[in-house]
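The residues making up each chain are set out below.
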Amino acid sequence: MARRFTPVSLAAAVTLAAGLCVTGALFLAVAALEYGKLTESFQQRASLRVAAIRRGLDDAVEALTVANQLFRTMPDVTQQQFGDFAKPLLQRHPFIMSLSHQHWMTHEERLAFEARMAPGRPGFTVTDLRAGRVVPAPVRERYLVTEMFAPLSAHHGSLGLDVWPLSATPPTAERMLHTGKPAATPLVSVLQPARRDSFVLLVPLYRPGMPADTPQQRRAAWIGDTAALVRAPHLVHTILQDGGLLDDPNLLLRVYAGDDADLVYTTGAEADADDRRWFEAPPWLAFHHPQHVAKRFDLLGQSWQVRVDALPRPFLADHAGSLIALVGGLLFSLLAAALVHTLEQRSRRVQWLVDERTADLQRSNARLNDDVAARKRTERALQESEHRFRRLLALSSDWYWEQDANFCFTHITDGFFEKAHVQRKDYIGRTRWQIRPDFLESKTGREHHALLQARLPFAGLEHEITGEDGLTRWFQSTGEPVYDAQGDFRGYRGTGSDITERKLTEQRIRHIAHHDALTGLPNRILLQDRLAQAIAYANRGGRRMWVLLIDLDRFKFVNDTLGHKAGDQLLRTIAGRLRASVRETDTVARLSGDEFVAILSEHADEALAPDVIDRIMAALAQPMTLEGKEFCVTCSIGVAAYAADGTPAEHLIEHADIAMYAAKKLGRNRWQFYHGAMNEETRERLRIEGALRNALERGELVLHYQPQVDLASGHIVGMEALLRWRHRGLGGVPPEGWSGLAEETGLIVPIGAWVLRTACAQARAWNTMREADGLAPLRVAVNLSARQFAQPDLVASIAAVLDGTGLPPACLDLELTESLFVDDVAQAVDLLHALKALGVALSIDDFGTGYSSFSYLRTFPIDVLKIDRSFVADIASDADEAAIVVSIIALARNLKLRVIAEGVESTAQLDFLRAHGCDEMQGYHFSRPVPAEEFERMIRSGHACAPEQEPEPLPLSA
């Protein structure tokens, strides 16, 4: 048979064409991506320079504003002071050529100014600038004179210059007064007369105390301005140089200013553009076209335009990837085409050889017919073998095993011995129950043996084996009975697999389900099981059992100061100490958060005693190091006892919890046994809470008002609103019996809102009455609780109350305690400034009882200090208390704060406070808190305290 082969196969040609198409598309795509990357890089670099220039212009305005603030705060500034003040500003902003102060003068004020300047500068006079020359100014009604100049040594001729006749000054000043903002002049010539490359920034100065809200008011109040002369080229160059933006040779930057778009700065790179032309790629590869970015913005009425152009770049510098893709694709296409051609030629040769061999096989077919009988026997054997191995394939796993009719192992593949770490001799020829004598003692072993006796298949037999390495592993076996051709039972065969990982995973899951993830202690679910076991043990032996609920006293402090990571470390350390301080037979569990439960059982050789609890508290109180800091954390423990005498056990943890809270009430770091009276206290607490929830709806809450008296005049100037609860059944409930409960349950929020609204409405009604009588309005003081202070809508709700009641904000005094500021000082500062923006007064109540009061006075916008009654009580007899009060009053005086003394109950206290300058007082000496009707009668009758009689100063110890 002749062989026919073509020179080039069709498949090779198609492969080459497809490769060339893909290569071309890849080249274009990569080139486009490269161009996109270049475009994005150019846009970023250009935008960076535009933003830097704009930011630099804003810096110039900020520097001038700083200089302007000097004259607003210090009206009588000298030239020396101005020069010293301006020197660092000019050094920091070298593009500012000078700073000056210009002041409006009448002709008489001009003469006085010239006389004042003459001693240091003989012949000094106010001047004009005409035709580029400085000449004496003619007589006018008003002059806008440069009164101060810096640096004076650089432009001494500018001092005394009347700038109003300059053409750029009037329109710029008019724009400045019309908008109320700084303004910039058009470009002017300074160093080079033929080139306008500088401009002047003006910031107005108004007469103190005059309104400046409208253009007319600003023109009336305008007394001068501060000015800065800025060279635009130097400004732009300095900005770009400081930002490291002058080192890009591939960008051309130009800056234009003014309505005529005068070019004030260029990088000077235009000359390089022609030198780069030879770098560019030919037109058919010119993916990288020139680009530009132009940004326009206004600065104080002056138009600025920044244009950034991309200079030509060599093609290879930016498109190496696309060229590599092109060359690589061409080579790959050629090689692929050559490979396909070679394979096709080989395939044709193989086909030719197959045809040759087919003819030979046909000739041999006659000889194979003689072996048909032998082949049929072979086929039957193959079928049996195939069936056997198909079954093995279905049962296949890690290894294969066989047993004889007596269930002894006859064959096990090597995989089993490698995984189990056992010897082959210990298994071959033996049954499972001979290998492990205890196998038939288990329920699983007996069920498995019954299946074997019944000649039934089995699956999922799980058993454990301890290897020679001492480790216990789990395995699973599956098997089926084996019969011969006559149907006689021959044994079992099957497969096995290692399920140790699965078993360990199941154990971990069970552990996680019953243990705390952080500490590894039993969780609430396992705790209930352990508690049931402990109760059963106590019942069997007639012994006692204690349940301890342990709560950490300072855990929240650690979390807030060091973070949750340190808190987790603390909980793990406490868990370890708890486990170490009890017996192995006792149970320690984590209930939730920082609460732990210990179950202590009494044994015949060791009775339960309080020493155990003391040992636990001592172990937990040991110092520990967290985040490099040493902490001592104490705990409060509640103990509920189970005496195995039929006492109900389902409430043991609840009783221990009640006892723990009783321990905390006694001062923390102690323990308490539960007794029935505690439950009565809890029920009473719940009863009061339920009644308190309905107090608002039933109208049981009322406000009493305690007068605040001015010590100098003796008149009532305000009052503090104090909440009282008149329960229908309980009568008057003292605040200490329910105020803490209201704060804890959150009821203080709606109650506090009612107090604020009611007090403001009452104060508004009394002030309306006093206005009709020509009397000054009264202030009302309202306390804010910690829960109210934490409300996100606090400022909005207070504003709504003021708007709804019509009470002026200045008549509302919000009293705050220092505990409100401990958690988050930064947030408290922001909130207090927002409250202060409403116009209300802020006071610190019980001042001096906290640990950080003086830092608050420096940080917070406080108006009033209220001296706590604990300091006032003994000022007439205790020198230390008197010294504290005098120091608080002196501190308030220095900080310009009002001082109100609380709890004034005697004439001696009143005289002491007056003698040392206290502003106001409130207390039983003048009046107790009274209902609104009685307070109204008091202010109608003009009830007052005897005014100050100019007493002799008292000594500090008086």
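Treat the numbers as computed from the prediction; the structure is a model and nothing was measured.

J.: Sorry, what's going on with the overall build of the chain here?
T.: Check the secondary structure of the chain and you find 30 helices and 33 strands. Pairs at least 24 residues apart make up 65% of the contacts formed inside the chain by residues separated by at least 6 positions. Summing over all exposed atoms, the chain offers an accessible surface of approximately 50600 Å²; the carbon and sulfur share of this is 55%.

J.: What should I look at first to understand the pairing of strand 17 (residues 545–552) in this one?
T.: When a strand is regular, its side chains alternate between the sheet's two faces. Along strand 17, eight of the eight residues are buried, which leaves the element largely enclosed by surrounding structure. Here strand 17 shows two buried faces, one formed by Met545, Val547, Leu549 and Asp551 and the other by Trp546, Leu548, Ile550 and Leu552. The pairing of strand 17 with strand 19 (residues 595–601) spans seven bridges and is antiparallel. The partner of Val547 across the bridge, within strand 19, is Ile599. Bridge count between strand 17 and strand 22 (residues 635–642): eight bridges; the pairing is antiparallel. Its bridge partner lying in strand 22, Leu549 is registered against Gly638.

J.: Sorry if this is basic, but what is going on with the confidence of the model for the chain here?
T.: Detailed reading of the predicted coordinates is not advisable wherever pLDDT falls low. For the chain, per-residue confidence averages 82 on the pLDDT scale, and residues scoring 70 or more make up 86% of the total. For residues 270–281, every residue scores under 50 in pLDDT, and the model assigns this stretch 15 contacts once sequence neighbours within four places are set aside. Taken as a whole, residues 284–288 scores under 50 in pLDDT and shows 13 contacts with residues more than four places along the chain or in a different chain.

J.: Got a minute to help me understand the packing of aromatic side chains in this structure?
T.: A full pass over the atoms with the stated rule returns 25 aromatic pairs. Residues Tyr483 and Phe489 carry aromatic rings whose centres are separated by 6.0 Å and whose planes lie at 65 degrees to one another, so their mutual orientation is edge-to-face. A relative accessible area of 43% places Tyr483 in the partly exposed class. The class for Phe489 is buried, based on a relative accessible area of 16%. For the ring pair Phe489 and Tyr492, a centre distance of 5.9 Å and an interplane angle of 70 degrees mean the geometry is edge-to-face. Taken together, the ring pairs connect Trp401, Phe407, Phe409, Trp433, Phe458, Tyr483, Phe489 and Tyr492 into an aromatic cluster. Taking the ring centre of Phe489 as reference, the NZ or CZ of Arg455 above it sits at 4.1 Å. Against the face of Tyr924 rests Arg928, its NZ or CZ located 4.0 Å from the ring centre.

J.: Just to check I follow, could you spell out the environment of Leu129 for this structure?
T.: Mapping Leu129 onto the fold places it in strand 2 (residues 127–130). For the pair formed by Leu129 and Asp162, sequence separation is 33 residues and the distance between their alpha carbons is 7.9 Å. Setting aside residues no more than four positions away along its own chain, Leu129 makes contact with Val134, Leu161 and Leu166.

J.: How should the sheet that holds strand 18 (residues 587–592) be read in this particular structure?
T.: Backbone hydrogen bonds hold the strands of a sheet together, and the pairing may be parallel or antiparallel. Taking strand neighbours across the sheet as the criterion, the five strands line up as 18-19-17-22-23 in an open arrangement whose pairing is mixed. Edge positions in the sheet fall to strand 18 and strand 23 (671–673), since each of these pairs with one other strand and no more. Geometrically, the sheet is characterised by an average inter-axis angle of 20 degrees between neighbouring strands, direction not taken into account. Packed on one face of the sheet, helix 17 (residues 564–581) meets strand 17, strand 18 and strand 19 and runs near 5 degrees to strand 19.

J.: What should I look at first to understand the nonpolar core in this one?
T.: What tends to happen in soluble globular proteins is that the nonpolar side chains get buried as a cluster. If you look at the biggest cluster of nonpolar residues, it comprises 75 residues, and the most contacted ones within it are Val780, Leu812, Leu814 and Phe935. Ranked by residues supplied to this core, first place goes to helix 22 (residues 748–772) with nine residues. With residues near it in sequence (within four places) discarded, Leu814 still touches Leu756, Val782, Leu784, Ile798, Leu835, Val840, Ala841, Leu842 and Ser843. In terms of nonpolar packing, the next biggest core, distinct from the first, is built from 51 residues, Ala86, Leu89, Ala184 and Leu251 among them.

J.: Looking at this structure, I do not really get helix 6 (residues 232–242). What am I missing?
T.: What sets the pattern is the α-helix's 3.6 residues per turn: residues three or four places apart point alike. Considered for burial, the residues of helix 6 that qualify are Ala232, Pro233, Leu235, Val236, Thr238, Ile239 and Leu240. Considering only its buried residues, helix 6 is in contact with helix 1 (10–73), strand 6 (198–206), strand 7 (222–231), strand 8 (251–257), strand 9 (262–266) and strand 11 (302–310). Directly after helix 6, the chain includes Gly244, whose backbone phi takes a positive value near 65 degrees.

J.: Help me understand helix 2 (residues 79–92), please; the structure alone is not making it clear to me.
T.: Here helix 2 spans 20 Å end to end across 14 residues, near enough to the 20 Å set by a 1.5 Å rise per residue. Largest kink in helix 2: about 30 degrees, centred on Ala86, with the proline Pro88 one to four residues after it. Looking at the packing, one finds that the buried side of helix 2 touches helix 1, strand 1 (96–106) and strand 4 (142–150).

J.: Explanation requested: the environment of Ser581 in the structure shown.
T.: Here Ser581 lies in helix 17. For Ser581, a relative accessible area of 7% puts it in the buried group. Residues Ser581 and Ala619, spaced 38 residues apart in sequence, show a C-alpha to C-alpha distance of 6.9 Å. What Ser581 contacts, discounting residues up to four positions off in sequence, is Arg615, Ile616 and Ala619. Engagement of the side chain of Ser581 in a polar contact is seen with the backbone oxygen of Leu578, the distance being 3.0 Å.

J.: Which parts of the structure should I look at to understand unusual backbone geometry?
T.: Excluding glycine, residues mostly carry a negative phi; peptide bonds, for their part, are mostly trans. With an omega dihedral of 0 degrees, the bond running from Ala150 to Pro151 counts as a cis peptide bond. Relative to the helices and strands, Pro151 resides in the loop between strand 4 and helix 4 (169–179). A positive phi is found at His421, a non-glycine position, where the angle reads about 60 degrees. As for its placement among the helices and strands, His421 is situated in the loop between helix 11 (414–420) and helix 12 (432–435). Phi at Arg455 is positive, roughly 55 degrees, even though this residue is not glycine. In this structure, Arg455 sits in the loop between helix 13 (443–453) and strand 14 (458–466).

J.: Whenever I open this one, the sheet that holds strand 4 confuses me. Can you help?
T.: If you trace the five strands from one edge of the open sheet to the other, you get 4-1-7-6-5, paired in antiparallel fashion. Strands with a single pairing partner mark the edges of an open sheet, and in this sheet they are strand 4 and strand 5 (183–184). Where strand 1 and strand 4 come together, eight bridges link them in antiparallel fashion. Bridging from a neighbouring strand, Leu99 pairs with Ala150 of strand 4. In the packing of helix 1 onto the sheet, contacts are made with strand 1, strand 4, strand 6 and strand 7, and the angle to strand 6 comes to roughly 35 degrees.

J.: Any chance you could explain the side chain of Glu881 here in plain terms?
T.: Along the chain, Glu881 falls in helix 28 (residues 879–894). Within the buried set, Glu881 has no salt-bridge partner at all; the shortest N-O distance to an opposite charge, 13 Å, is to Arg869. Discounting chain neighbours no more than four positions away, the residues touching Glu881 are Ser870, Phe871, Asp874 and Ile875.

J.: Help me out: how do you make sense of the pairing of strand 14 in this one?
T.: Summarising the sheet, strand 14 and strand 15 (residues 472–483) pair through seven bridges and their orientation is antiparallel. Along strand 15, the bridge assignment pairs Thr466 with Thr472. Counted along the chain from strand 14 to the antiparallel partner strand 15, the turn is five residues long, and its residue Gly470 has a positive phi close to 85 degrees.

J.: Help me understand the pattern of salt bridges in this model?
T.: Where charged atoms from two side chains of opposite charge approach closely, those side chains can pair. What the rule picks out here adds up to 30 salt bridges. The shortest N-O distance in the salt bridge between Asp162 and Arg140 comes to 2.7 Å. Here the residue Asp162 occupies a position in the loop between strand 4 and helix 4, and Arg140 occupies one in the loop between strand 3 (133–136) and strand 4, the gap between them amounting to 22 residues. Between Glu462 and Lys503 there is a salt bridge; the shortest N-O distance is 2.9 Å.

The rules we used
- Residues numbered from 1 in each chain as written.
- Predicted model: local features only at pLDDT ≥ 70, side-chain atom pairs only at ≥ 80, totals over all residues.
- Heavy atoms only, no water.
- Helix = DSSP H or I, 4+ residues; strand = E, 2+ residues; numbered from the N terminus.
- Contact = heavy atoms within 4.5 Å.
- Areas by Shrake-Rupley, 256 points an atom, 1.4 Å probe, with all protein chains shown as cover.
- Buried < 20%, exposed > 50% of the residue type's maximum accessible area, 1.4 Å probe, protein only.
- Pairing = 2+ DSSP bridges.
- pLDDT = per-residue confidence, 0-100.
- Phe/Tyr/Trp six-rings, centres within 6.5 Å; stacked < 30°, edge-to-face > 60°.
- Lys NZ or Arg CZ within 6 Å of the ring centre and 35° of its normal.
- Axes fitted to C-alpha atoms, helices over the stretch in contact; angles between N-to-C directions.
- Core = buried A, V, L, I, M, F, W, Y, C linked by side-chain atoms within 4.5 Å.
- Expected span 1.5 Å × (residues − 1).
- Bend = angle between axes of the 7 residues up to and from the residue.
- Polar contact = N/O pair within 3.5 Å; in protein donor to acceptor, adjacent residues only side chain to side chain.
- Lys, Arg positive; Asp, Glu negative; His and termini not counted.
- Salt bridge = Lys/Arg side-chain N within 4 Å of Asp/Glu carboxyl O.

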